[in-house]
Amino acid sequence: MMKKRETSILYLVLGLYTLMISWYYNHSVILLLIHYIFWPVYLVYELLIGHLANGMWKTIPLSYFN
């Protein structure tokens, strides 16, 4: 029997946040689709390389609502 993909609210929010980060830095539909598939890995990658340091973790989402 196959397991269902996690459907919690946190999982959805983190997935959308990762897509916002991807679009903010890349502006590429192809990379957006790749990051959508592998978003947990991409989010950890962005955290490790420091793209979310110095307040960028909150600047990126706010840039979509200004």
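S.K.: Sorry, what's going on with the side chain of Ser-22 here?
M.R.: Topologically, Ser-22 is positioned in helix H1 (residues 9-26). Setting aside residues no more than four positions away along its own chain, Ser-22 makes contact with His-27, Leu-31, Leu-32, His-35 and Tyr-42.

S.K.: What should I look at first to understand the UniProt feature "transmembrane region" (unreviewed entry) in the chain in this one?
M.R.: The feature "transmembrane region" (unreviewed entry), as annotated in UniProt, sits at residues 7-24 and 30-48 in this numbering. Regarding residues 30-48, the helix share stands at 95% and the strand share at 0%, and the terminal C-alpha atoms are separated by 23 Å.

S.K.: Would you take a moment to explain the packing of H1 against helix H3 (residues 39-49) for this structure?
M.R.: Two measures define how a pair of helices packs: the angle their axes make with one another and the distance between the axes. At a minimum axis distance of 10 Å, the contact between H1 and H3 shows a crossing angle of 60°. When the axis of H1 is compared with that of H3, the two are oblique. The way H1 lies across H3 gives a crossing that is left-handed. Between H1 and H3, the residues in contact are Tyr-11, Leu-14, Gly-15, Tyr-17, Thr-18, Ile-21, Ser-22, Tyr-25 and Asn-26 and Trp-39, Tyr-42, Leu-43 and Glu-46, respectively. Tallied by class, the residues present in the contact of H1 with H3 amount to 8 nonpolar, 4 polar and 1 charged.

S.K.: Please explain a nonpolar patch on the surface as it appears in this structure.
M.R.: A cluster of nonpolar side chains, contributed by Ile-30, Leu-31, Ile-34, Tyr-36, Ile-37, Phe-38 and Val-41, occupies part of the molecular surface with about 710 Å² of accessible area. It is helix H2 (residues 29-37) that contributes the most residues to the nonpolar patch, 5 residues altogether.

S.K.: In this structure, what is going on with the nonpolar core? I would like to understand it.
M.R.: Here is a general trend for soluble globular proteins: nonpolar side chains tend to be buried in one another's company. Of all hydrophobic cores here, the largest spans 7 residues; its members are Tyr-17, Ile-21, Trp-39, Tyr-42, Leu-43, Leu-52 and Ile-60. The dominant element in this core, judged by the number of residues it contributes, is H3, at 3 residues. With near-sequence residues (within four places) excluded, Leu-52 lies in contact with Tyr-17, Ile-21, Leu-43, Glu-46, Leu-47, Trp-57 and Ile-60.

Thresholds applied
- Every chain is numbered independently, its residues counted from 1 as its sequence is written.
- Given that this is a predicted model, residues contribute local features only at a pLDDT of at least 70 and side-chain atom pairs are listed and counted only at 80 or more, while totals for whole chains, interfaces and linings are drawn from all residues.
- With hydrogens and water set aside, each side-chain value is computed from the structure's full complement of heavy atoms.
- A run of DSSP states H or I qualifies as a helix once it reaches four residues; a run of E qualifies as a strand once it reaches two. Both are numbered from the N-terminal end.
- Whether two residues are in contact is decided by their heavy atoms, any of which lying within 4.5 Å being enough.
- UniProt positions are given in the numbering used here, feature names are shortened, and annotations may be inferred rather than shown by experiment.
- Axis angles are defined between N-to-C directions and span 0 to 180 degrees, where every axis is a line fitted to C-alpha atoms and, for a helix, only to the segment in contact.
- Comment on the angle field: the value is read as roughly parallel under 35 degrees, roughly antiparallel over 145, roughly perpendicular from 65 to 115, and oblique elsewhere.
- Throughout, a crossing is termed right-handed when the near helix is turned clockwise from the far one, and left-handed when it is turned anticlockwise from it by less than a right angle.
- Gly is placed with the polar residues, together with every amino acid not listed as nonpolar (Ala, Val, Leu, Ile, Met, Phe, Trp, Tyr, Cys and Pro) or charged (Asp, Glu, Lys and Arg).
- For patches, a residue must show more than 30% relative accessible area and have no salt bridge; joins then use 9 Å for like charges and 5 Å for nonpolar side chains, namely Val, Leu, Ile, Met, Phe, Trp and Tyr.
- All accessible areas in this document rest on Shrake-Rupley with a 1.4 Å probe, and a residue is counted as covered only by the protein chains that are shown.
- The rule for a salt bridge is simple: a side-chain nitrogen of Lys or Arg has to be within 4 Å of a carboxyl oxygen of Asp or Glu.
- We call a set of buried residues a nonpolar core when its members are Ala, Val, Leu, Ile, Met, Phe, Trp, Tyr or Cys and they connect through side-chain atoms within 4.5 Å of each other.
- Each residue is assigned to one of three classes by its accessible area relative to the maximum for its type, calculated with a 1.4 Å probe on protein chains only: buried under 20%, partly exposed between the two thresholds, exposed over 50%.

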